[in-house]
Amino acid sequence: MSKLILVRHGQSEWNLADRFTGWWDVDLTEKGVAEAKAAGELMKAKGVLPTVAFTSVQKRAIKTLNIALEACDRLWIPVTRDWRLNERHYGGLTGLNKQETREKHGEKQVHIWRRSFDVPPPELEPGSEFDLASDPRYAGIDIPRTESLKLTIERVLPYWEEAILPQLAKGENVIISAHGNSLRALVKHLSNISDEDITGLEIPTGQPIVYDFDGATPVGERYYLKDA
Ligand SMILES: O=C(O)[C@H](O)COP(=O)(O)O
């Protein structure tokens, strides 16, 4: 039986500041670093140790992974970073304060932008201070101007199928350090959650979630490692 461990990055500077982040590359806070360390210590204490790792190309997820791997003495395992595990792109909301946006556009509209399955936020204006067109890590990639959860799923799932699932099928224990919405995309698929019900799913920061796998097939439901 192999294990899939999903970890959302620890608290970021813009989680703390309540700003829409998406693809913007913000760092962890001190609390986020502590959450990442605690996630690694928990994996060590439970004896659930990854043998292969995947993460996004965003520092909050990369650092969370490194800190957690250090805490469970697994810094040596192979790591693959891929933009397809990035947070969903928040488009023209990037950088805005979430509460101020509620005051301007209403609670209901902001909830639709944040949690609906297929309504994307407004597009990011080309040339905006948050435009990543000249960022070398995205060279050759058609950077989205905005993404709904549905659009996020359309780039996360092919990567899951082609790069990550084969590792589980081979018997590796896989850790994915990623983001609230790239992980919601995966959990929706693995737990077969409907388009309606996915609006209610929240993924906490720094809290390892585990699926057991038999070959390429998940066995049973996901659980929090702290409860195992
Ligand atoms: O990108 C962000 O702002 C957060 O990582 C996730 O935001 P959400 O809770 O609004 O989906």
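Quantities reported herein were computed from a predicted structural model and do not represent experimental measurements.

**What to know about the nonpolar core**
Stage number 1. Of all hydrophobic cores here, the largest spans 35 residues; its most connected members are Leu-4, Ile-5, Leu-6, Ala-68, Val-174 and Ile-176.
Stage number 2. Contributing elements (two or more residues each) for this core: β1 (2-8), α2 (30-46), β2 (52-55), α3 (59-71), α6 (149-169), β4 (174-178), α7 (180-190) and β5 (209-214).
Stage number 3. A total of six residues in this core trace back to one element, the largest contributor, which is α6.
Stage number 4. Residues in contact with Ile-176, not counting those within four places in the same chain, are Leu-6, Phe-54, Leu-85 and Ile-164.

**Quick word on the UniProt feature "active site" (unreviewed entry) in the protein**
Stage number 1. In the numbering adopted here, UniProt assigns the feature "active site" (unreviewed entry) to His-9 and Glu-87. Their sequence span is 79 residues, while the largest C-alpha to C-alpha distance among them is just 10.4 Å; these annotated residues converge on one region.
Stage number 2. Along the polypeptide, His-9 turns up in the loop between β1 and α1 (13-16).
Stage number 3. His-9 gets classed as buried once you count the C-beta atoms within 10 Å, which come to 32.
Stage number 4. Position of Glu-87 relative to the elements: it lies in the loop between β3 (79-81) and α4 (98-105).
Stage number 5. Look at Glu-87 and you get buried, because 26 C-beta atoms sit within 10 Å.

**Some thoughts on α6**
Stage number 1. Where α6 bends most, the angle comes to about 45°, and this point is Trp-160.
Stage number 2. Where α6 is buried, its residues contact β1, β2, β4, α7 and β5.
Stage number 3. Immediately downstream of α6, the backbone of Gly-171 shows phi near 95°, a positive value.

**Description of the pairing of strand β6 (residues 217-224)**
Stage number 1. For β6, the buried fraction is low: zero of the eight residues fall into the buried class.
Stage number 2. Pairing of β5 with β6 involves five bridges; the strand directions are antiparallel. Bridge pairing in β6 places Ile-209 opposite Tyr-224.
Stage number 3. The turn joining β5 and β6, which pair antiparallel and follow one another in sequence, is formed by two residues; a positive phi near 60° is taken by Gly-215.

Cut-off values and rules
- Residues numbered from 1 in each chain as written.
- Predicted model: local features only at pLDDT ≥ 70, side-chain atom pairs only at ≥ 80, totals over all residues.
- Core = buried A, V, L, I, M, F, W, Y, C linked by C-beta atoms within 7 Å.
- Buried ≥ 20, exposed ≤ 12 C-beta atoms within 10 Å, placed from the backbone.
- Helix = DSSP H or I, 4+ residues; strand = E, 2+ residues; numbered from the N terminus.
- Contact = placed C-beta atoms within 7 Å.
- UniProt positions renumbered as here; feature names shortened; annotations may be inferred.
- Bend = angle between axes of the 7 residues up to and from the residue.
- Pairing = 2+ DSSP bridges.

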